[in-house]
Amino acid sequence: MSRAVRATTAGASSALKVRHVVAAVAFMVVAALVGLSFGPAHISIGSIISDVAWRLGIGGHPLGQVDGFIVWSLRAPRVVLGLLVGGTLAVAGGAYQGVFRNPLADPYLLGIAAGAGLGATIAIVVIGSGADAPGVTPIFAFGGALFAVAMTWLVAGRGATGPTTLILAGIAVASMFAAVQTLLQQSSSLAVTHVYYWLLGSLSGATWGGILGVLPYMVVSVVVCLSCAKLLDVLSVGELESASLGLPVVAVRTIVIAAASLGAAAAVSAAGLIGFVGIVVPHAVRLMVGVSYRRILVLSLFGGAGFLVLADLLARVVVPGAVLPIGVVTAILGVPFFVLVLHLRRLRLR
Amino acid sequence: MTAALEVTGLTVRVGDRALLDGVDLTVEPGEWVTVIGPNGAGKTTLVHSITGLRRFDGGRVLLSGRDLTGLKDRARAGLVAFVPQTPVVPEGMPVFDYVLLGRTSHRSLLRAESPHDRSVVGEVLARLDLVAMADRGVHTLSGGERQRAVIARALVQEAPVLVLDEPTTGLDLRHQLDVLEVVAQERRSRRIAVVSTLHDLTLAGRFADRLCLLDEGRTVASGSVTEVLTAELLGAHYGVDVTVVDVGGTPVVVPGPRTVT
Amino acid sequence: MRTFMKRTTVLAATTALALSALVAIGARGAGASSDYAPKLAFPMKITTPAGTITLHRAPRRIVSLSPTATEMLYAIGAGKQVIAVDKDSNFPRTGLPTTRFDAFMPNVEQLIALRPSLVVVSYNPNNLESQLASAGIPVMEQDAAMTLRDTLMQITWLGDATGHYPKSLAVAMADKAEITKDVAKVPAHHRSLKVYFELDPALYSVTSQTYVGQLLKQLGVTNVADAVASPLDYGYPQLSSEYLIKSNPGMIFLADTICCHQSYKTVKKRPGFALLAAVKYHRVIGLNDDVASRWGPRVSLLMDQLTAAVLHVYKG
């Protein structure tokens, strides 16, 4: 092999670079620590570290009962849920973008948002105050989301006809579910309020039990999507050409959509509708490290996790006595970023 | 010796119209057959059918003796490589990675590429004079370079049959020759069977071993270049008066009747 | 000195005795709270339909996340124990604490950091109650009342829980008495008045099953919303203007004067409404939104207003 050739093969660029992963993980870890250390209750970082040391049996001393409760039973599950939801949504969004070859794809494309909304509405309206019991509304939302995706799938002819049909079917199903939801909501103004706030998205209800409930789905979703990342790179040359290259296109599309939807449905059921994470984070990563999904998905996992935790921190401290709906914070952070991305893109293409 | 590609009685119907009606085609290893014919004759349909990208309703396609219909995507990609007319250009993908996609069929789907995959790509890039652009995005290449990259991707598939659909689309004369020379060289050195469709009849004649003239879904002529490129056949099926002139052994098709000087 | 002590002791003892007697009588008193046996002493366990709550001592740091509960707490004399309320709590008009929470999206961490000894809610967003319970903070859930009895019970539960039972009983009894007095004023024979009770300019109304609807029912009026109610409305149907105009109510109560600035003038301007008897005879009564939608101690005030308006027609 000639020297020139050897040089090129060494520089094959779509592989995952270790330094990128390290940077992304570091970002996530720092975000998690910051999220754990800050909040409306002023608990010094030193005392938290001391508490951790005490728990590990290496000295230090524990936080007071109330402070300890705040850090470990309030902030900690919140941060962990934020990491899980942020990471899952970012990976699902990236995977959708790969399957649909569309930078505007987000995890709610195939009716997940409408399905979860309808599920939650059914729980709140039909069951009434019983829906406040932990775990009830999320299960309905989860079921509703998956049901909506399944319907979209069927309406689009089991996905064999291509991504555009799927998107159109998703729009149709989402519209129908939203209509039914509105009909049900009319019954009571308290129901409307309740559903509205649920849909706005919040990590406030995070409990360790709730996290365990959604964890398996998120893990499966992320693992499958990450495994299929190379296949998404092949898909980027289009359905026809990737088939000619030997990719079982329909099978890959089905599996990736199923996995991404599972993760997004779990995320929505645990934390309501949190927008922008699924679009903005994969895009940011793409801008920084290139178009290969092998890089984008892994780095989005950590980037999305950290991003959501930081957004939640903002939501918790900005308005005294309240928590801003996290969907609002991600939009406020996400929209200017999006504008920046578009601007840079225009500059690059010129 | 098994034919690299053997097509018998290929039929494709849409509604009650036949896009292809009983087409036969056999290509030996190392042979180059070019399919010509007027617009709508079914050339692209034929090409998509024999590469498994489109279902056909009747007939049989054998790739190195194996029936196309039963083949899984991966196995098929190892037997026939396809170069589309207007390839999708994924923005931002480096040329090396783009060509590397051709190795998809050579490893299990979930595994990363091997050093062998990388060295195959490196060699093909060298042969096609693309090494200098290996790290550049595919979208930054000129038309001719891009076409070479697509061909490179098809070549790394290491399939015994190479099918090209209008490989000279949008290229200037120099790049058209470039591309066709590359294919000619590859088929000579690796004994690949080549099937291509071409609009330019002269170029078709210059590079192919045999020609197949398609009209309204049927093979109306098949044979050596001189047998097929005749004024009568071309005039009958293209509906245009042409003159075929022999220039140094190569037939040149000139539109319009012979003018007496 | 000893005489002073002796006198004070006697005074204290007598007061205690009198109070106990009052409580004993009151506890056996007529009506609503006769089936609630107050605990009176701490530690106490109070069981309500929403659950059981344990209090080790009188709570000195109360957070109210319900405007109605806030009204009740201040009415029964527990105001000094309240350290934070929700953003919509606005009555009484002075004396409320400055620390505010959003009842729908409360910052739980901030709430817990205040170290409250009792939190009263009427809405449970995001597992709030279980989170507070895990932190060892007693939560009293007081949902929107379905009947007047619920109101009276809630007042007395709060009274018992905060160490103000006698006062709470007095407040509840006073409310009940006032309402009974109002109902008694309605003449035995009268031509039934058709009434439209408006919650919202989009013509949302209340059926006789609702809290307010029951009050109206006791006044012997006909609620025009009853005829068009369906189970899907859950008691709050939206009327069509066509139906409303056709049913021609003789009196309109507006519970959207503050939120949506409705009044006789705005109602008269609505297409077709000028024809209504209620508008023609100037029987469009504006109510304070809060008084009309809460179920607190001011329910008697609401009933007074409803009764006064209705009697005008019955007697006048």
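Just so it is clear, the model here is predicted, and its values are computed rather than measured. For every chain, the first residue of its written sequence is number 1, and the numbers climb from 1 along that sequence. The naming scheme follows written order: chains are lettered A onward, ligands numbered 1 onward. Restriction of local features to residues with pLDDT of at least 70 applies here, the model being predicted, together with a cutoff of 80 or more for giving and counting side-chain atom pairs; totals for whole chains, interfaces and linings are based on all residues. To obtain the side-chain values, all non-hydrogen atoms of the structure were included, while hydrogens and water were left out.

Draft legend 1. Main features of the interface of chain A and chain B. Of the residues lining the interface, 28 residues belong to chain A; the matching set on chain B comes to 39 residues. Accessible-area loss on putting two parts together, using a 1.4 Å probe and summing over both, is the definition of buried area adopted here. Between chain A and chain B the total buried area reaches about 2,800 Å² when both faces are included, carbon and sulfur atoms providing 64% of it. Measuring nitrogen to oxygen at the nearest pair gives 3.0 Å for the salt bridge that ties Arg294(A) to Glu113(B). Here a polar contact is taken to be a pair of N or O atoms separated by no more than 3.5 Å, where protein atoms must pair a possible hydrogen donor with a possible acceptor and residues adjacent in sequence count only if both atoms sit in side chains. For the pair chain A and chain B, the interface holds six residue pairs in polar contact (both at pLDDT 80 or more). Secondary structure is summarised from DSSP: a helix means a run of H or I of at least four residues, a strand means a run of E of at least two, and numbering begins at the N terminus for each. Of all elements in the fold, only helix H1 (3-10), helix H10 (229-235), helix H11 (239-244) and helix H15 (326-349) of chain A reach the threshold of two or more residues within the side of chain A that touches chain B. By residue class, the composition of the side of chain A that touches chain B is 14 nonpolar, nine polar and five charged. Note on contacts: a residue pair qualifies if any of its non-hydrogen atoms lie within 4.5 Å across the two residues. The working definition used for a salt bridge is a side-chain nitrogen of Lys or Arg within 4 Å of a carboxyl oxygen of Asp or Glu. Polarity classes work like this: nonpolar for Ala, Val, Leu, Ile, Met, Phe, Trp, Tyr, Cys and Pro, charged for Asp, Glu, Lys and Arg, and polar for all others, with Gly in that last group.

Draft legend 2. Structural context of the packing of aromatic side chains. Two rings belonging to Phe, Tyr or Trp (six-membered ring only in the last case) form a pair when the distance between their centres is within 6.5 Å. Interplanar angles under 30 degrees mark stacking, angles over 60 mark edge-to-face geometry, and anything in between is tilted. Inspection of the entire model under this criterion finds eight aromatic pairs over all chains. Centroid distance Tyr96(A) to Phe100(A): 5.7 Å. Interplanar angle 50 degrees. Geometry classified as tilted. Linking Tyr96(A) with Phe100(A), this pair stays in helix H4 (residues 65-100), spanning four residues, or about one helical turn. The classification of residues rests on relative accessible area computed with a 1.4 Å probe and restricted to protein chains. Under 20% of the type maximum is buried, over 50% is exposed, and intermediate values are partly exposed. Here Tyr96(A) falls in the buried class, since its relative accessible area comes to 1%. Classification of Phe100(A) as buried rests on a relative accessible area of 6%. Plain terms: the ring middles of Tyr197(A) and Phe104(C) are 5.0 Å apart, the flat faces sit at 10 degrees to each other, and that makes the pair stacked. Taken together, the residues span two chains, with Tyr197(A) in helix H8 (residues 189-200) and Phe104(C) in the loop between strand E5 (100-101) and helix H3 (108-113). Using a relative accessible area of 22% as the deciding quantity, one classes Tyr197(A) as partly exposed. Assessed through its relative accessible area of 23%, Phe104(C) is described here as partly exposed. In this structure an aromatic cluster arises from ring pairing among Tyr196(A), Tyr197(A), Phe104(C) and Tyr123(C). Definition used: whenever NZ (Lys) or CZ (Arg) falls within 6 Å of the ring centre and also within 35 degrees of the ring normal, the charge is taken to sit over that ring. Just above the ring of Phe273(C) sits the side chain of Arg270(C); from NZ or CZ to the centre is 5.3 Å. Directly above the aromatic system of Phe91(C) lies the positively charged group of Arg298(C), at a separation of 3.5 Å from the ring centroid.

Draft legend 3. View of the pattern of salt bridges. As enumerated under the stated definition, the model contains 24 salt bridges over all chains in all. Residues joined in a network through salt bridges with shared partners are Arg75(A), Arg78(A), Asp312(A), Arg316(A) and Glu109(C).

Draft legend 4. View of the interface of chain C and chain A. Taken residue by residue, the interface counts 28 residues in chain C and 30 residues in chain A. Taking both partners together, chain C and chain A bury about 2,600 Å²; carbon and sulfur atoms supply 57% of that area. Put simply, chain C and chain A have two salt bridges between them. We note a salt bridge from Glu109(C) to Arg75(A), for which the minimum N-O separation is 2.6 Å. Counting the contacts that link chain C with chain A gives 10 residue pairs in polar contact (both at pLDDT 80 or more). Residue contributions to the side of chain C that touches chain A peak at five residues, all from H3(C). Residue classes in the side of chain C that touches chain A are distributed as 13 nonpolar, nine polar and six charged.

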